[in-house]
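# Breakdown of the fold
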Amino acid sequence: MNHLLRNIILVIFLFVGMQAYSEPDHPEKEKAGLDVTELIMDHVADAYEWHITTFGHTHVSIPLPVIIKSDNSGWHIFSSARFEHGHAEYQGFYLSPEGNNKGKIVEKDASGEEVRPVDISITKNACSLLLSSAFLIILVLSCARWYKQRQGKPEEASPKGFIGLIEMLIMSIVDDVAKPCIGKNYKRYAPYLLTVFFFIFFNNLLGIIPIFPGGANVTGNIAVTCVLAVCTFIIVNIYGTKEYWKEIFWPDVPMWLKIPLPIMPAIELVGVFTKPFALMIRLFANILAGHAIVLGLTCMIFLTVSLGAAMNTGMGILSVVMTIFIDFVELLVAFIQAYVFTMLSAVFIGLSQVEPHHVKG
Amino acid sequence: MLLQPDLGLLFWMLVSFGIVFFILAKFGFPIIVKMVDDRKAFIDKSLDAAKAANERLAGIQEESERILKQSRDEEIRILKEAQDTRSKIIGEAKEQAAVEAGKLIAEAKAAIQKEKEMAIRDIRNQVADLSISVAEKVLRKNLDNPSAQRELVQKLIEEAQKN
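Described in the following lines is the structure provided in the data block. Since we're looking at a predicted model, the values are computed, not measured. (Residues numbered from 1 in each chain as written. Chains lettered and ligands numbered in written order. Predicted model: local features only at pLDDT ≥ 70, side-chain atom pairs only at ≥ 80, totals over all residues. Heavy atoms only, no water.)

### Digging into the overall build of chain A
Inclusion rule: Each helix is a run of DSSP H or I of at least 4 residues and each strand a run of E of at least 2, with the numbering of both proceeding from the N terminus. Think of it in three bands: with a 1.4 Å probe and only protein chains considered, a residue is buried below 20% of the maximum accessible area for its type, exposed above 50%, and partly exposed in between. Two residues qualify as a contact provided that any one of their heavy atoms is within 4.5 Å of a heavy atom in the partner residue.
Broken down by element type, chain A carries nine helices and eight strands. Evaluated residue by residue, chain A yields a buried proportion of 43% over its 361 residues. Expressed as a percentage of contacts within chain A between residues at least 6 apart in sequence, the contacts between residues at least 24 apart total 61%.

Here you go:
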């Protein structure tokens, strides 16, 4: 009880402190006009540098490598610091200020049109992806090493603590997702499902952490979820049985649904593509929305500055309480979305492993 | 803008996910899953072994109880048998002794009877002989007075005693 009281007082003081700091900023913000939509969009979208914080007018950010191939000048590799946060042009490349390519690297072609070069820069999301992939590999391999050291001695291989947690997650995916959803061939697909689960879960969690190694909206980016969904799509359709294809193109329905107009086959064929599409959109939208809500709630503090100190403090406290609540929800969502993606992938794989029906009703 | 997958990120995602998948699916998860399965199998085996051992232990206990009971029964039986034998031997001995004693007594009685008869016969013979010799002597000597007769008889009796 004492602790709780102390924490509440601490939070209130923090707020008053923050208030004091945000006050001098007030006129500038007013002048700039805090555009919440743009702020949120900037945060959830990709960027060429990893912005950490801004002191007054100094941007503190980590520059990341830009790798582009222009049609007329070939390959270019340079640091994103050359753009000076979008204010400068370098070797004819600059960050597009508006339009379809807003925030992306563009150049002018011969006719003066703005075109995008082939751009495989290590952006904020790409950097976060590489970092989290490295972390994930180290994490799982160190667990695997622990087990490897105890190979042949099963009586000693009962881990505690962190490895035990990882084992619990792994075995819950294998035993509760892969086995019931896929059936007898589940061992073949378990590594893929486990990789997908840990990849999504790990990146989701990193996304919730607001400072450097985390904070990037990786799993809330459509390119990332797209690759994951395409992987599931490929596995489902490559390893699909004959019966699976027969059920798509010649399903067990009344003849008039198949001839002369192939209504059912058309519906089934659309279904083949909508399943992974739903996977892609679900993960993307959930994580994106989570980030947007957290940012929106945080912005509430700055939006209410003009309403006076009392109102601002009240809204600030409310905002923090709500943000903490939403952050907890996001922790849950991080797990649930990873689990759902894995489970639906397993279900789709299981559906493509159908055996011919022996009994016809 | 958000719904448009960026080429560069697609590329890096493909690369990083591909690498992660390759490494984890080859060196990560299968090892962990296999070890957990091994452990499960080991635990199952141990449980079975423990169950079997328990059963055997129960069997052994039962067996030992059975043997104990059997040995106790045997003991009782042997003791009883020994007692029986003892009393039988004693009985037989008594019987035999009685028979023997009876026989000895009978024999002794018979011998005594015989001795007695022989003695009686002997006495009779001697009395007869004595009477005959007395009579002979009386006849042989002419006895006229009773004192001489008494003297003679006395003399004869002494003679007979000497004999």
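### So, the overall build of chain B
Inclusion rule: Only the protein chains shown count as covering a residue, and every accessible area follows the Shrake-Rupley method with a 1.4 Å probe. Charge assignment in this entry is limited to Lys and Arg as positive and Asp and Glu as negative, and neither His nor the chain termini are counted. To locate a charge, the coordinates of NZ of Lys, CZ of Arg, CG of Asp or CD of Glu are taken.
Scanning chain B for helices and strands turns up two helices and zero strands. Taken along the three principal axes of its C-alpha coordinates, chain B extends 200 × 20 × 15 Å. By residue count, 12% of the 163 residues in chain B fall in the buried class. Approximately 13300 Å² of chain B is accessible, and the part contributed by carbon and sulfur atoms is 60%. Once the 27 positive and 27 negative side-chain charges of chain B are each reduced to a mean point, those two points are 3 Å apart.

### Focus: the state of the cysteines
Working definition: the covalent bond between the sulfur atoms of two cysteines is a disulfide. Definition in use: Throughout, disulfides are identified as pairs of cysteine sulfur atoms within 2.5 Å of each other.
Counted by the stated rule, this structure contains zero disulfides over all chains. Free of any disulfide, Cys226(A) has its nearest cysteine sulfur in Cys231(A), 9.5 Å distant.

### Let's talk about unusual backbone geometry
Residue and element names in this part refer to chain A. In this structure, proline 260 follows isoleucine 259 across a cis peptide bond, with omega equal to 0°. When you line up the elements, proline 260 lands in the loop between α7 (242-249) and α8 (263-303). A positive phi angle, near 50°, is found at glutamine 91, a position not held by glycine. A residue is classified by how much of its surface remains accessible, and glutamine 91, at 46% relative accessible area, is partly exposed.

### Brief notes about the packing of helix α4 (residues 161-182) of chain A against helix α5 (residues 186-208) of chain A
Residues and elements named next belong to chain A. Basically, it comes down to this: A fitted line through C-alpha atoms represents every axis, and for helices the fit uses only the stretch in contact; the resulting angles, taken between N-to-C directions, go from 0 to 180 degrees. Between 65 and 115 degrees an angle is taken as roughly perpendicular, under 35 as roughly parallel, over 145 as roughly antiparallel, and anywhere else as oblique. In this scheme the crossing of two helices becomes right-handed for a clockwise turn of the near helix relative to the far one and left-handed for an anticlockwise turn of less than a right angle. Under the grouping applied here, Gly and all other residues not named as nonpolar or charged are polar, the nonpolar ones being Ala, Val, Leu, Ile, Met, Phe, Trp, Tyr, Cys and Pro and the charged ones Asp, Glu, Lys and Arg.
Relative to each other, α4 and α5 sit at 130°, their axes nearing to 9 Å. Looking at the two axes, α4 sits oblique to α5. Crossing geometry of α4 relative to α5 is assigned as right-handed. Between α4 and α5, the residues in contact are Ile166, Leu169, Ile170, Ile173, Val174, Ala178, Lys179 and Ile182 and Tyr186, Tyr189, Ala190, Leu193, Leu194, Phe197, Phe198 and Phe201, respectively. For the contact of α4 with α5, the per-class residue count stands at 15 nonpolar, no polar and one charged.

### Examining the packing of helix α6 (residues 222-238) of chain A against α8(A)
Residue and element names in this part refer to chain A. Two elements in contact, α6 and α8, have axes separated by 8 Å at closest approach and are oriented at 150°. Judged by the angle between their axes, α6 and α8 are roughly antiparallel. In this structure, the crossing between α6 and α8 has a hand that is right-handed. Contacts from Ile222, Thr225, Cys226, Leu228, Ala229, Thr232, Phe233 and Asn237 of α6 reach α8 at Val272, Phe273, Pro276, Leu279, Met280, Ile281, Leu283 and Phe284. Across the contact of α6 with α8, the residue classes break down as 13 nonpolar, three polar and no charged.

### A few points about the interface of chain A and chain B
Test applied: Each of two parts loses accessible area, computed with a 1.4 Å probe, when they are put together; buried area is these two losses added. The term salt bridge refers to a pairing of a side-chain nitrogen on Lys or Arg with a carboxyl oxygen on Asp or Glu at a separation within 4 Å. N or O atoms within 3.5 Å of each other form a polar contact, as long as, within protein, one can give a hydrogen and the other can take it, and as long as residues adjacent in sequence are counted only when both atoms are side-chain atoms.
Taken together, the contact between chain A and chain B spans 58 residues of the former and 35 residues of the latter. When the area that chain A buries against chain B is broken down by residue, the three leading residues are Pro154(A), Thr195(A) and Val227(A), summing to 13%. Seen at the junction of chain A and chain B, the total is five salt bridges. The salt bridge involving Arg39(B) is made with Glu167(A); its shortest N-O contact spans 2.7 Å. Inspection of the region where chain A meets chain B yields six residue pairs in polar contact (both at pLDDT 80 or more). Broken down by secondary-structure element, the contributors of at least two residues to the side of chain A that touches chain B are α2 (36-44), β8 (118-119), α3 (124-149), α4, α5, α6 and α8 of chain A.

### Some thoughts on the sheet that holds strand β5 (residues 93-95) of chain A
Residue and element names in this part refer to chain A. Operational definition: Two strands pair if DSSP finds at least two bridges between them.
Reading across from one edge, β5-β6-β7 is the order of the three strands in this open sheet, with antiparallel pairing throughout. The open sheet has two edge strands with one neighbour each: β5 and β7 (114-115). Examined bridge by bridge, β5 and strand β6 (residues 105-108) share three bridges and lie antiparallel to one another. Within β6, the residue paired with phenylalanine 93 across the bridge is glutamate 107.

### A closer look at the pattern of salt bridges
Counted by the stated rule, this structure contains eleven salt bridges over all chains. Ionic pairing is found between Arg77(B) and Glu74(B), a salt bridge with its closest N-O pair at 3.4 Å. Of the two residues, Arg77(B) and Glu74(B) both sit in helix α1 (residues 7-140), three residues apart, roughly one turn of that helix. We classify Arg77(B) as partly exposed; its relative accessible area is 41%. Residue classification places Glu74(B) among the partly exposed residues on the basis of a relative accessible area of 39%. The shortest N-O distance in the salt bridge between Arg77(B) and Glu81(B) comes to 3.0 Å. Of this pair, Arg77(B) and Glu81(B) both sit in helix α1, four residues apart, which is roughly one turn of the helix. Shared partners join several salt bridges into a network, and the residues in it are Lys104(A), Arg116(A), Asp119(A) and Asp6(B).

### Considerations on α4(A)
Residues spaced three or four apart along an α-helix point in a common direction, a consequence of the helix completing one turn every 3.6 residues. Residues and elements named next belong to chain A. Using the following cut-off: In this analysis, the expected span of each helix is defined as 1.5 Å times one less than the number of residues it contains.
Look at α4: 30 Å from first C-alpha to last across 22 residues, which is about the 32 Å you get at 1.5 Å a residue. The complete set of buried residues in α4 reads Ile163, Gly164, Ile166, Glu167, Leu169, Ile170, Met171, Ile173, Val174, Val177, Ala178 and Ile182. Downstream of α4 by one or two residues, glycine 183 has phi in the positive range, about 95°.

### Overview of the environment of Val174(A)
Summarising the element assignment, Val174(A) is placed in helix α4. Along the sequence, Val174(A) and Leu64(A) sit 110 residues apart, while their C-alpha atoms lie 38 Å from each other. Leaving out residues up to four positions away in the same chain, Val174(A) has contacts with Lys179(A), Tyr186(A), Ala190(A), Leu194(A) and Val33(B).

### Remarks on the packing of aromatic side chains
Two numbers describe a pair of aromatic rings. These are the distance of the centres and the angle of the planes. We apply this condition: Only rings of Phe, Tyr and Trp enter the pairing, Trp through its six-membered ring, and a pair is recorded when the two centres are within 6.5 Å. The plane angle decides the type: under 30 degrees is stacked, over 60 is edge-to-face, the rest tilted.
Tallying each qualifying case throughout the model produces 18 aromatic pairs over all chains. Consider the rings of Phe78(A) and Tyr90(A), whose centres lie 4.7 Å apart with planes at 55°: the pair is tilted. Placement of the pair is Phe78(A) in strand β4 (residues 74-79) and Tyr90(A) in the loop between β4 and β5, with a sequence separation of twelve residues. Its relative accessible area of 22% is what places Tyr90(A) among the partly exposed residues. Where Phe199(A) meets Phe17(B), the ring centres are 5.1 Å apart and the plane angle is 85°; that geometry is what we call edge-to-face. Of this pair, Phe199(A) sits in helix α5 while Phe17(B) sits in helix α1, each in a different chain.

### Focus on the pairing of strand β2 (residues 58-63) of chain A
Regular strands show a simple pattern: their side chains alternate between the two faces of the sheet. Residues and elements named next belong to chain A. Inspection of the sheet shows strand β1 (residues 49-55) paired to β2 by six bridges, in the antiparallel sense. Paired with histidine 51 across the strands is serine 61, a residue of β2. In this structure, the hairpin formed by β1 and β2 is closed by a connection of two residues, where glycine 56 is found at a positive phi of approximately 60°.

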